[in-house]
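# Working through the structure, step by step
Residue strings, one per chain:
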Amino acid sequence: MLIEIFCGDMPFRGRRDGRPVVPAIIDDGEEVTCPVCGGTMYPRSAPGKSRHFYHVSNDAGQRCSNGGESETHERAVARVEVALHQQFGENARIETEVDVDVSEVPTPVTERRADALATFDDWNPYFGEGLAVEVQHSHEDKDVHQVTHDYLAAGYSVVWIRAATVLLDTFNYDTIGAEFEQDNGSGYAQRTSKASRFTNCQALLYDGEHAWERVPPYAHPRGQNDLITYDICTAQGCELRRLHEPDGSYTYTASDEHGPDFPLKALKNAIVREYDRDPFWKWAGSQYHSAQVEKLLATRPEIERCRGPKGFHEWGRRETLWTNYSDQPLIELRECMYCPVRLVTNHRGRSGHSTFCLYGREPDLDWDDVYFQTSPPECDHYLYDEDAIEDYCPKCGATMKTPETTLRDHTSWIPP
């Protein structure tokens, strides 16, 4: 005796002779195979319902998840699957609801689930590794911009198409192909589209790669025994982090869970601004629109390791060494509040082209105009005179011969 298997929704996908089929093209009484459980299904029509498949079995009480999506979305995906099979079936593997590996792409996820996917046996000159079709109905919550970027960066093409369009009687593969040919179409192919177009990251858009900078671990709130080595993209519009794994690989995330947990105002005494007319929070907002603490820690040259309470220098007493004709101080000497390190800032060049020099003790130099117009070398090191934190230069790797030597580190020289 044949027993109908319980299914929460009506299945709209089946296979006949290994090829995907939909109920509309199968006659009553014709047997097909369920792509989910492998069981036998037949098509049927019912008043007020779309033509669909139903399961039968010799064993009562079985269940199958085929049909778990919304009816409209599943019907559309089923028709897309048939269209892809008719177009590429001999040269590609056609699958639905399949995960695409994007683990090599700098993105917060490792997989993207395609509604339908044609994966080619060989690299396709136009589509690349494969063609993903995203049916926009129940999955309208997908981030179209980011998902498109991830497919393209992973070597796949992608097309976005409305379920209502797929369910028209005129739908076939030509409907999909037209999206790649139209100027305003929603198809993005490997040959004609660049992944960098689909990003909010200014560095990735204009330079082709993220602007990675290391967030200093000595400013990490959880202490030296629980450090996570990671970088952050410092470009505007981007909050992507790159975590360093023990095997040398990277994991990407948009979460700030591994970063410092102190507020922005904690950096107020650690940063030397060229102009300090605006409140600190307003200035920080003009530098970075998001992830301000992490990005400032990663990019500001005057932020370095210190044995003070926050793990980095905080600048206190300052002495003006040179002023301009308006009596504005442009070259200043500052003292760290918690250690012997001194900071010399030179803002005489163009705006944003400043020099920051760290010294291990009070510099014994003749502060003359000639010195400040000389380009300092890229790396002259620095080290504390006592209780040295490092016994080698973290910039160039040179080994320090004696802690008594005053070593300097010109951390951010940009020639005028």
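Throughout, a residue's number is its position along its own chain's written sequence, starting from 1. For this predicted model, a pLDDT threshold of at least 70 governs which residues receive local features, and a threshold of 80 or more governs which side-chain atom pairs are given and counted, while totals over whole chains, interfaces and linings are taken from all residues. Hydrogens and waters are ignored; side-chain quantities use all the structure's heavy atoms.

## Points about helix α2 (residues 144–153)
Threshold: Residue exposure (1.4 Å probe, protein chains only): buried if accessible area is under 20% of the type maximum, exposed if over 50%, otherwise partly exposed. Strands are runs of DSSP state E lasting at least 2 residues, helices are runs of H or I lasting at least 4, and numbering of each runs from the N terminus. Throughout, a residue-residue contact means that at least one pair of heavy atoms, one from each residue, lies within 4.5 Å.
Taken together, the buried positions of α2 are V147, T148, H149, D150, Y151 and L152. Next to the buried residues of α2 lie β6 (92–101), β7 (111–124), β8 (128–136), β9 (156–162), β10 (187–188) and α5 (202–207). Trailing α2 by a residue or two, G155 shows a phi angle of about 100 degrees, which is positive.

## Overview of the environment of W322
Here W322 lies in strand β15 (residues 315–323). Once the C-alpha coordinates of W322 and R348 are considered, the two residues, 26 residues apart in sequence, prove to be 9.3 Å apart.

## Focus on the packing of aromatic side chains
Which entries qualify depends on this criterion: Centres within 6.5 Å make a pair out of two Phe, Tyr or Trp rings, where for Trp the six-membered ring is used; the pair is then stacked when the planes are under 30 degrees apart, edge-to-face when over 60, and tilted otherwise. As a reminder, the over-ring test applies to NZ of lysine and CZ of arginine, requiring each to be within 6 Å of the ring centre and within 35 degrees of the ring normal.
Under the criterion given, the structure shown has 13 aromatic pairs. Residues Y42 and Y54 carry aromatic rings whose centres are separated by 6.2 Å and whose planes lie at 40 degrees to one another, so their mutual orientation is tilted. Of this pair, Y42 sits in strand β4 (residues 40–46) while Y54 sits in strand β5 (residues 49–56), and the two are twelve residues apart along the sequence. The exposure class of Y42 is buried, given its relative accessible area of 17%. Note on F120 and F127: the rings are 6.2 Å apart at their centroids and 20 degrees apart in plane angle, and the pair reads as stacked. The structure contains a cluster of three or more aromatic residues connected by ring pairs, namely F88, F120, Y126, F127, Y173 and F180. The ring of Y250 has R242 lying over it, and the distance from NZ or CZ to the ring centre is 4.3 Å.

## A short note on the sheet that holds β10
As a reminder, the rule being used: Note on pairing: DSSP must find at least two bridges between two strands before they are called paired. A fitted line through C-alpha atoms serves as each axis, taken over the contacting stretch for helices, and the angle formed by two N-to-C directions is quoted from 0 to 180°.
The five strands lie next to each other as β6-β7-β8-β9-β10, forming an open sheet whose pairing is mixed. Among the strands making up the open sheet, the edge pair consists of β6 and β10. Pairing of β9 with β10, which is carried by two bridges, proceeds in the antiparallel orientation. Bridge pairing in β10 links V159 to G187. Strands in contact with α2 are β6, β7, β8, β9 and β10; relative to β9, the strand with the most contacts, it is inclined by about 150 degrees. Relative to the sheet, helix α4 (residues 173–181) contacts β8, β9 and β10, its axis offset from that of β9 by approximately 115 degrees.

## Overview of the nonpolar core
Stated precisely, the cut-off is as follows: Nonpolar core, defined: a set of buried Ala, Val, Leu, Ile, Met, Phe, Trp, Tyr and Cys residues in which side-chain atoms within 4.5 Å join the residues together.
Core analysis: the biggest nonpolar cluster contains 24 residues, and V80, L84, F88, L131, V133, Y173 and I176 have the highest contact counts within it. Counting residues per element, the ones that place at least two in this core are α1 (71–88), β6, β7, β8, β9, α3 (163–166) and α4. With six residues, the single largest contributor to this core is α1. Those residues within four positions of Y173 in sequence are excluded, and the remaining contacts are A83, L84, Q87, F88, F127 and L131. Core analysis: the second largest hydrophobic core is formed by 15 residues, L264, L267, I271 and V293 among them.

## A look at the sheet that holds strand β13 (residues 241–244)
On the basis of which strands lie adjacent, the open sheet formed by four strands has the order β11-β12-β13-β14 and antiparallel pairing. Looking at strand neighbours, the two that pair on one side only are β11 (212–214) and β14 (250–253), the edges of this open sheet. Each strand axis lies, on average, 30 degrees off the axis of its neighbour in the sheet, ignoring direction. Of the pairings in the sheet, the one linking β13 to β14 comprises four bridges and is antiparallel in character. In the sheet register, H244 faces β14, and the bridge partner there is Y250. Against the sheet, helix α7 (residues 292–299) makes contact with β11, β12 (230–233) and β13, and its axis sits at roughly 105 degrees relative to β12, the strand it touches most.

## A word on the pattern of salt bridges
Oppositely charged side chains can pair when the atoms bearing their charge come close. Heads up, the condition is: Any Lys or Arg side-chain nitrogen located within 4 Å of an Asp or Glu carboxyl oxygen qualifies as a salt bridge.
Tallying each qualifying case throughout the model produces 14 salt bridges. A salt bridge links E81 to R15, with the shortest nitrogen-to-oxygen separation between them at 3.0 Å. Within this pair, whereas E81 is found in helix α1, its partner R15 is found in strand β1 (residues 14–16), the two being separated by 66 residues in sequence. With a shortest N-O distance of 2.4 Å, R241 and E294 are connected by a salt bridge. Of this pair, R241 sits in strand β13 while E294 sits in helix α7; the two residues are 53 residues apart in sequence, bridging distant segments of the chain. The two residues R241 and E294 agree in class, both being buried. Counted as one network, the salt bridges with shared partners bring together R214, D231 and R242.

## Structural notes on unusual backbone geometry
One non-glycine residue, E97, lies in the positive phi region at around 50 degrees. On the secondary structure map, E97 appears in strand β6. Notably, A291 is not glycine yet its phi reads approximately 45 degrees, a positive angle. Locating A291 in the fold gives a position in the loop between α6 (280–287) and α7. Overall, the relative accessible area of 18% leaves A291 in the buried class.

So far we have only geometry, and geometry alone does not tell us how the molecule works.
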